[in-house]
Amino acid sequence: MRYEIGLPLSFAPMANRVLVVGWDGADWDILDPLLEAGDLPVLAGLIEGGTRGVSRSCLPSHSWAAWPTFLTGRDPGGHGVFDILEYRPGVTRRLPVSSKSILAPTWPERLSEAGRRTLLVNVPLTYPAPEIQGVAIAGGIIPTGAVYSHPAEVGSRLRWPINGGSWTTYRNRPVDLVEELEGLTQKRAEAMRTLLDAENWDAACIVFVSPDRAQHCLLEYVHPAHPAYAEASTSQVADRVRDLYRLLDAELGTLLERADDDDLVVLMSDHGHQPCTRAISMNKVLERLGFLRFGRGSALVNLLSWGRVRAVARVAYDKLGLHGRVAVPTAPIDWEHTTAYTSVVSTGEGVSVNLAGREPGGTVSSADYERVRGQIAEALLSFEDEVTGTRPIGEVLPKEDALTGPYLDRAPDLLLRPAPLYSLTHARQIVEQADWLSGDHRPEGIYAMAGPGIEGGVGPDISLADFAGLIAGGVGLEADPEWGKTETAAEPVGAYSDEEERLVEERLRGLGYLE
Ligand SMILES: [Zn+2]
C-alpha cells in the first residue's frame, strides 16, 4: 500500500515556472466520458501536448489529509493530519484541525526559504495562511472576520473570502447546488487571474473544490458505473452538472494561457470519486459489534442531528444567516465502556483503539493493543448489510502497512476502504440506502501535465506525495532527500478561539465532513 515515487527524473528540472491547478476529487472515470464528448477541450489539449496518468492519494484519502500530503510530500504519518478533528495535548475533546496541524514543512515554505515566490490560493487546510514569499489565500474553513491571506490586505483586494459549496445544505436541489458551485468557480478563477497578472511568481497553485462537492451528491449524473447513471445521465439536470465541468475546463484555459511554453503546467486531484448507493455509520457499526457504547443523551442528539428537526433547522439556519453560528451537537461516546471509535469522522476511513495513555479516557492497555486491534479488524471485515447480504467494509489495514513517519503513533490504528457501492459515512442508521449521497472518495486521482521535459502519452502512476518534489524541481531547486523529513514528533497547536472552533465545526457539518 506504500507507493514508490514514479516520476522519471527528466520531468522537472528544465522548467522556468510551475503552475498547478487542483480539481478536488477529479477522477478519470468521470472526466473520460466528458473528454470523449468534447466537453473538455482545454484538458484535451493539455493531454495532447503532454501526458496524463493516475495520482494515487494517501490513506485516509479525504481532502484534509490529502492536501497536506500534496503540500509536504509526506503521507499522513509524516505530516500528522489524519482527520478533520484531532486531540491536542491537555484537551479531552477532539478539535478542528488547521494549517498549524500540518507538522512537516511544505513546498511553498521550501520555495520561500530559497527565495522563490509562490501564489498559493484556496488549498484546503491552509488557514492560517502561511507567511511565504508571494501571496497565500487560505483555503478550507476560514472563521468569520479572521485574517485569511498573506499579506493580510491582498484577500479583500481580490474580493475574497469566497465562501459556499456546502452540498448538504442543498439537499435535493441539484441545480441550485450547481449554480452556487459555478459562481464560486468563476469568482475564484477571476481572483487567480488577477494574481497571475499582477504578481511575479515562480510557482502558482489554486484548488477548485467544486468537483468534490458536486460528486458527493450528484455522481449518478456523471459516473457511468453508478447504477442510476443510465437514466440520470439523460436528464436535464445531468446537462447542468456537465456544465460545471465545462466551466471548470474553460476556467482552466484562462489560467493556463497565463503560462509560457517553458513553464510546467499541471492539473491534478487529491483523490478520485467512486459511486455509492448504500451508506453505513461507523460508530454504530462499532456499537453493534460491541466495541463502542454511546453516552447518555445520544438519542436526543440523534433526533436533533438527523430527524426532520435537523432538516427544518438547516433551512432556518440559512434563512436567519445562522449557518455556522449554532452548532448541532454530536452523539456523545461513553468512553469508559468503549474499546474502539471512528477516528476519521469525515470519511469513516479510520478506527482507533481507545488506548490507555494515548486517548484521554483510554480503556485498552498497551499489552492488549495488538490482540484487540486484530479482533476489531476481523469483526469489521465480517460485518454484513442485512438488506443486501454484502459486506460494506472492503479492506482493513493496520496503520503501519499504509503509513510511515514520526506521527504513526497518532494515526488511526486501522485504515478502512469501503466495498464497491458503499460509503463509510453519512448514514444516520447503522446501514441505509444512500440519500443525497451518490459518491465518495477513492484513492485514484488524476494528473495531466505539459512543459519542458514532459514526454507524451500515458505517464506512470504517481503518488500525491510526488508533487512537492516535482514542483520544487520545476523551479530549479535540487532534490533534497532530507528536506521535509521530521525526526522528532511535534505537537499540534490550536489556531481558533473557542467560538471559532464551534463555528468551524458547524461549517464542517455543512460541507458534509462531520455528521
Ligand atoms: Zn478532496
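A quick note: this is a predicted structure, and the numbers were derived from the prediction, not measured.

Reading the values: the criteria
- Residues numbered from 1 in each chain as written.
- Predicted model: local features only at pLDDT ≥ 70, side-chain atom pairs only at ≥ 80, totals over all residues.
- Axes fitted to C-alpha atoms, helices over the stretch in contact; angles between N-to-C directions.
- Helix = DSSP H or I, 4+ residues; strand = E, 2+ residues; numbered from the N terminus.
- Parallel < 35°, antiparallel > 145°, perpendicular 65-115°, else oblique.
- Contact = placed C-beta atoms within 7 Å.
- Nonpolar A, V, L, I, M, F, W, Y, C, P; charged D, E, K, R; others polar.
- pLDDT = per-residue confidence, 0-100.
- Expected span 1.5 Å × (residues − 1).
- Buried ≥ 20, exposed ≤ 12 C-beta atoms within 10 Å, placed from the backbone.
- Pairing = 2+ DSSP bridges.
- Core = buried A, V, L, I, M, F, W, Y, C linked by C-beta atoms within 7 Å.
- Domains from an automatic or database assignment.

Draft legend 1. Region of the structure containing the packing of helix α7 (residues 174–198) against helix α8 (residues 210–218). Contact geometry for α7 and α8: axes closest at 10 Å, N-to-C directions at 170°. Accordingly, the angle class assigned to the pair α7 and α8 is roughly antiparallel. Here Pro174, Leu177, Val178, Leu181, Leu184 and Thr185 of α7 come into contact with α8, specifically with Ser210, Arg213, Ala214 and Leu218. By residue class, the composition of the contact of α7 with α8 is 7 nonpolar, 2 polar and 1 charged.

Draft legend 2. Here's a closer look at the confidence of the model for the chain. Looking at the chain, pLDDT values average 88 and 88% of them are 70 or higher. Here residues 1–12 scores under 50 on pLDDT; set against residues more than four positions off or in separate chains, the count is 25 contacts. Note that pLDDT drops below 50 for residues 319–329; the model gives that stretch 21 contacts with residues more than four away or on any other chain.

Draft legend 3. Here's a closer look at α7. Taking 1.5 Å of rise per residue, 25 residues should cover 36 Å, and α7 covers 36 Å from first to last C-alpha, within 8% of that figure. Pro174, Leu177, Val178, Leu181, Thr185, Arg188, Ala189, Ala191, Met192 and Leu195 are the residues of α7 that are buried. Residues of α7 that are buried in the fold lie against β5 (118–121), β6 (134–137), β8 (203–208), α8 and α10 (236–256).

Draft legend 4. Examining the pairing of strand β12 (residues 350–353) more closely. By the alternation rule, side chains of β12 split into Gly350 and Ser352 and Val351 and Val353, which are all buried. Note that strand β11 (residues 340–342) and β12 share 3 bridges and pair antiparallel. When the bridges of β12 are listed, Thr342 appears paired with Val351. Relative to strand β14 (residues 414–418), β12 runs antiparallel, the two sharing 2 bridges. Note on β14: the bridge partner recorded for Gly350 is Leu415.

Draft legend 5. A look at the nonpolar core. Core analysis: the biggest nonpolar cluster contains 139 residues, and Val121, Leu267 and Ile471 have the highest contact counts within it. A per-element tally of this core places α7 first, with 7 residues. When residues are assigned to domains, this core turns out to be shared by domain 1 (9–271 + 443–510) and domain 2 (276–293 + 333–433), each giving three or more. Other than its neighbours up to four places away in sequence, Ile471 contacts Val18, Val20, Trp107 and Ala203.

Draft legend 6. Summary view of the packing of α7 against α10. Between α7 and α10, whose axes approach to 10 Å, the crossing angle comes to 0°. Classified by the angle their axes make, α7 and α10 are roughly parallel. For the pair formed by α7 and α10, the contact residues are Pro174, Val175, Val178, Leu181, Glu182, Thr185, Gln186, Ala189, Met192, Arg193 and Leu196 on the first element and Val237, Arg240, Val241, Asp243, Leu244, Leu247, Leu248, Glu251, Thr254 and Leu255 on the second. Among the residues making up the contact of α7 with α10, the classes are represented as 13 nonpolar, 3 polar and 5 charged.

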